[in-house]
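Overview (structure and organization)
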Amino acid sequence: MSKEITSREQDYSQWYNDLVIKGGLADYSAVRGCMVIKPYGYSIWEKIQRTLDDMFKATGHVNAYFPLFIPKSFLSKEAAHVEGFAKECAVVTHYRLKNSPDGKGIIVDPDAKLEEELIVRPTSETIIWNTYKDWITSYRDLPLLINQWANVVRWEMRTRLFLRTAEFLWQEGHTAHATKEEAVEETMKMLGVYADFAEQWMAIPVIKGYKTANERFAGAEDTYCIEALMQDGKALQAGTSHFLGQNFAKAFDVKFVTKENKSEFVWATSWGVSTRLIGALIMAHSDDKGLILPPKLAPIQVVIVPIYKTEEQLATINEKATEIKKSLEAKGISVKYDNDDKQKPGWKFAEYEMKGVPIRIAMGPRDIENGTVEIARRDTGEKHTYSFTDLTTKVEHLLEQIQLNIFQKALDYRDEHITRADTWDEFVDVLENKTGFVAAHWDGTSETELKIKEKTKATIRCIELNAHAEEGKCILTGNPSHKRVLFAKAY
RNA sequence: CGGGGUGUAGCGCAGUUGGCUAGCGUACCUGCUUUGGGAGCAGGGGGUCCCUGGUUCGAGUCCAGGUACCCCGACCA
């Protein structure tokens, strides 16, 4: 009763907002475009962090931390980079406040103006490459494989919880290599890490591809990405991996001496994923009753709800539930036993469904008598009664099944929503009515891409890595094309 | 930055033509009864009606200006 969720059909945006807020993941804050990530939402981020961090370490990376502030002059050293980010930078101009002369409040002290303004990092390439200059002198210093977990600020015109906030949390990997081949290899390796994480942990199928010039990261030679499809048929870029060539090395004069004693610029990559992933997670799986979280990232994997009339019954259930909780926890399963007597079972059922807890175990006097529990799975809503015997194994299997099931469901939806279009009318029709990805021919020019965007709001999400050669004609101009690319409306 | 919307109790909202003590649901506190799908009854506490100024005997309500946030778009992860 107290927490109604807007249905997807009624208002998709409102449904999303309801899930975030009523699911207890995050809240609007007093600061424009900035959200408060609440404990439940943050614990999802912590799981994402922990898992990715392990994957980064396993691929040879180490963590470091660079400053939040970037001297303004640094940003302009790489031409394309500054052009891409200039319009959304928060700028620090002063370092002191003082009491207002009229006695009301406090003002910026005009005498405390900075010599050079500081930019709150929108990304850290510049400050990092300025540092790398001092760290790299010889081929022996390479490769340099560093990751940073940080917050960044991009002053977006319009923000959305998790999907696009003015401040967001992310990780950014910045690597330096002796050869182009090695840097390209690194770029692809990390793209693979992201894709594996998205599919195996978040249960979100992704398409690996590369961006057209229009969509490329500011300062990159090539931008690779993983693209996911949300339930409203819009695409969401879930992670990017950039091959930066020697652009930043040249901008910040980062050279190394080869074995042959020659001085050369180093080759670079950068790659990142952000708290936006949580937005993807929410939209990919959830339904009109609330969140559906993949077991591998759910803060609570199993909730146990007692049902009782008397203190004696509760005492018996407490004993059994604690036993079950312990045996599940011994298998690394996170369990919440909610015997809070301030809420009734029905309320708890609804609440944990809203929060996307994958498995709910209900235990009442009836169960104690029969030596059973009732298990409900969040993804399908199915309820079954199981005996205590081998309960832990059953729950483990069920968690695995749920993980696979929601991935399969998302995969089926995604695959059904990749549509080939060969005529303009067909193309527009799919984008308008069926939605999702449209695989179509494109003549390879930025002009055509922009015209299509103007007409349909769809952009080229990526050119698939495994796109096979196929002769055809551009959907708009009819000019020759050698493979299809994926268009979609996107977040 | 353009278009639309909203600011009244923690949250969600109502408040008529300007009218006297600002209300409803929920949440909260107390008590009793309840507990297998968001409990019931009784009692209780809680307000800078977004801000500033104006009109008026009287403003939550009318007028002007400001401000904040949300939604749709343009920009972007």
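Residues numbered from 1 in each chain as written. Chains lettered and ligands numbered in written order. Predicted model: local features only at pLDDT ≥ 70, side-chain atom pairs only at ≥ 80, totals over all residues. Heavy atoms only, no water.

1. Concerning the protein's contact with RNA strand B
Lining the immediate surroundings of RNA strand B are 39 residues, of which Ser13, Arg158, Arg164, Thr165 and Arg276 lie closest. Close to the protein, within 4 Å, the atoms of RNA strand B belong to sugar or phosphate groups at a rate of 41%. Arg32 is positioned with one of its backbone polar atoms (N or O) 3.1 Å from a phosphate oxygen of RNA strand B. A distance of 3.3 Å separates a sugar or linking oxygen of RNA strand B from a polar atom in the backbone of Gly346. Among the secondary structure elements, those contributing two or more residues to the surface near RNA strand B are helix H1 (12-22), helix H10 (345-354) and helix H11 (365-370). When residues in the surface near RNA strand B are grouped by element, the largest group, 7 residues, is from H10. (Near = heavy atom within 4 Å. Polar contact = N/O pair within 3.5 Å; in protein donor to acceptor, adjacent residues only side chain to side chain. Helix = DSSP H or I, 4+ residues; strand = E, 2+ residues; numbered from the N terminus.)

2. Quick notes on the layout of surface pockets
A volume near 1,800 Å³ is recorded for the largest pocket. What lines the largest pocket is a set of 48 residues, among which Glu88, Arg154, Glu156, Arg164 and Gln237 lie closest to the centre. Counting only elements with at least two residues in the lining of the largest pocket, the list comes to helix H4 (79-85), strand S10 (167-177), strand S13 (235-245), strand S16 (267-274), helix H14 (446-456) and strand S24 (459-464). Broken down by class, the residue content of the lining of the largest pocket amounts to 15 nonpolar, 15 polar and 18 charged. For the lining of the largest pocket, the domains that each give at least three residues are domain 1 (12-285) and domain 3 (418-488). (1 Å grid on protein atoms, 1.4 Å probe; cavity = no way out; pocket = protein on both sides within 12 Å on 5 of 7 lines; lining within 4 Å. Points joined across faces, edges and corners; volume = space filled by probe spheres on them. Nonpolar A, V, L, I, M, F, W, Y, C, P; charged D, E, K, R; others polar. Domains from an automatic or database assignment.)

3. A look at the domain arrangement of chain A
Each domain of chain A was delimited in the assignment, giving domain 1 (12-285), domain 2 (302-397) and domain 3 (418-488). Between the C-alpha centres of domain 1 and domain 2 there is a distance of 41 Å. For the pair domain 1 and domain 2, the two sides together bury roughly 360 Å², of which 56% comes from carbon and sulfur. For the domain 1 face of the interface with domain 2, the top three residues by lost area are Lys22, Gly23 and Tyr40, together amounting to 81%. Viewed at the interface, domain 2 and domain 1 are joined by 1 residue pair in polar contact (both at pLDDT 80 or more). (Buried area = accessible area lost by both parts, 1.4 Å probe.)

4. Notes on unusual backbone geometry
A cis amide bond links Leu142 with the next residue in sequence, Pro143, at an omega value of -5°. Along the chain, Pro143 turns up in the loop between helix H5 (125-135) and strand S9 (144-153). If you check the backbone angles, Phe162 has positive phi at about 65° while not being a glycine. When you line up the elements, Phe162 lands in the loop between S9 and S10. Classification of Phe162 by relative accessible area gives buried; the value is 1%. Of note in this structure, Asp390 is not a glycine but carries a positive phi near 60°. Following the sequence through the fold, Asp390 ends up in the loop between strand S21 (383-387) and helix H12 (391-416). (Buried < 20%, exposed > 50% of the residue type's maximum accessible area, 1.4 Å probe, protein only.)

5. Some points on the sheet that holds strand S19 (residues 359-363)
Spatial ordering of the open sheet is given by S18-S17-S19-S20-S21, a layout of 5 strands whose pairing is mixed. Two strands bound the open sheet, and with one partner strand each, they are strand S18 (335-337) and S21. When the angles between neighbouring strand axes are averaged without regard to direction, this sheet yields 25°. Of the pairings in the sheet, the one linking strand S17 (residues 302-306) to S18 comprises 3 bridges and is parallel in character. (Pairing = 2+ DSSP bridges. Axes fitted to C-alpha atoms, helices over the stretch in contact; angles between N-to-C directions.)

6. Focus on the pattern of salt bridges
For the coordinates displayed, the defined rule picks out 21 salt bridges. Among the salt bridges present, the one from Asp253 reaches Lys255, with a minimum N-O distance of 3.9 Å. A relative accessible area of 38% places Asp253 in the partly exposed class. Given the relative accessible area of 37%, Lys255 is considered partly exposed. A salt bridge links Glu329 to Lys325, with the nearest nitrogen and oxygen atoms 3.1 Å apart. With a gap of 4 residues between them, Glu329 and Lys325 both fall in helix H9 (residues 311-329), about one helical turn apart. (Salt bridge = Lys/Arg side-chain N within 4 Å of Asp/Glu carboxyl O.)

7. Details of the sheet that holds strand S8 (residues 113-120)
Across the sheet, 3 strands lie side by side as S4-S8-S5; this open sheet has antiparallel pairing. Both edges of this open sheet fall to strand S4 (69-71) and strand S5 (91-94), since each of them pairs with a single strand only. The sheet shows a mean angle of 40° between the axes of neighbouring strands, direction not considered.

8. Section: the nonpolar core
Core analysis: the largest hydrophobic core is formed by 57 residues, its most contacted members being Tyr16, Ile48, Leu52, Phe162, Met230, Ile282 and Met283. When residues no more than four places from it in sequence are discounted, the contact partners of Met230 are Tyr12, Leu236, Ala280, Met283, Ala284, Tyr413 and Tyr491. Residues Ile70, Ala220, Phe252 and Ala268 belong to the second largest nonpolar core, which totals 28 residues. (Core = buried A, V, L, I, M, F, W, Y, C linked by side-chain atoms within 4.5 Å. Contact = heavy atoms within 4.5 Å.)

9. Concerning the packing of aromatic side chains
One pass over the full model with this rule turns up 17 aromatic pairs. Between the aromatic rings of Phe56 and Tyr194, the centroid separation amounts to 6.4 Å while the plane-to-plane angle is 75°, which identifies the pairing as edge-to-face. In this pair, Phe56 sits in helix H2 (residues 39-58) while Tyr194 sits in helix H6 (residues 180-200), placing the two residues 138 residues apart along the sequence. The two residues Phe56 and Tyr194 agree in class, both being buried. Taken together, the ring pairs in this structure connect Trp45, Phe56, Trp149, Tyr194 and Trp271 into an aromatic cluster. The ring of Tyr491 has Lys234 lying over it, and the distance from NZ or CZ to the ring centre is 4.4 Å. Looking at Arg360, its charged tip hangs above the ring of Phe349, at a distance of 3.9 Å from the centre. (Phe/Tyr/Trp six-rings, centres within 6.5 Å; stacked < 30°, edge-to-face > 60°. Lys NZ or Arg CZ within 6 Å of the ring centre and 35° of its normal.)

10. Re the packing of H2 against H6
Remark: H2 packs on H6, axes separated minimally by 11 Å, with the N-to-C direction vectors making an angle of 145°. Considering only the axes of H2 and H6, their crossing is right-handed. Across the interface between the two elements, Ile48, Thr51, Leu52, Met55 and Phe56 from H2 touch Met190, Val193, Tyr194, Asp196 and Phe197 from H6. Split into classes, the residues belonging to the contact of H2 with H6 amount to 8 nonpolar, 1 polar and 1 charged. (Left-handed = near helix turned anticlockwise from the far one by under 90°.)

11. So, empty space enclosed by the protein
Inspection of the entire model under this criterion finds 1 cavity of 30 Å³ or more. The calculated volume of the largest cavity comes to roughly 30 Å³. For the largest cavity, the full set of lining residues is Tyr194, Phe197, Ala198, Ile226, Ala238, Val273 and Leu277. Looking at side-chain class alone, the lining of the largest cavity contains 7 nonpolar, no polar and no charged residues.

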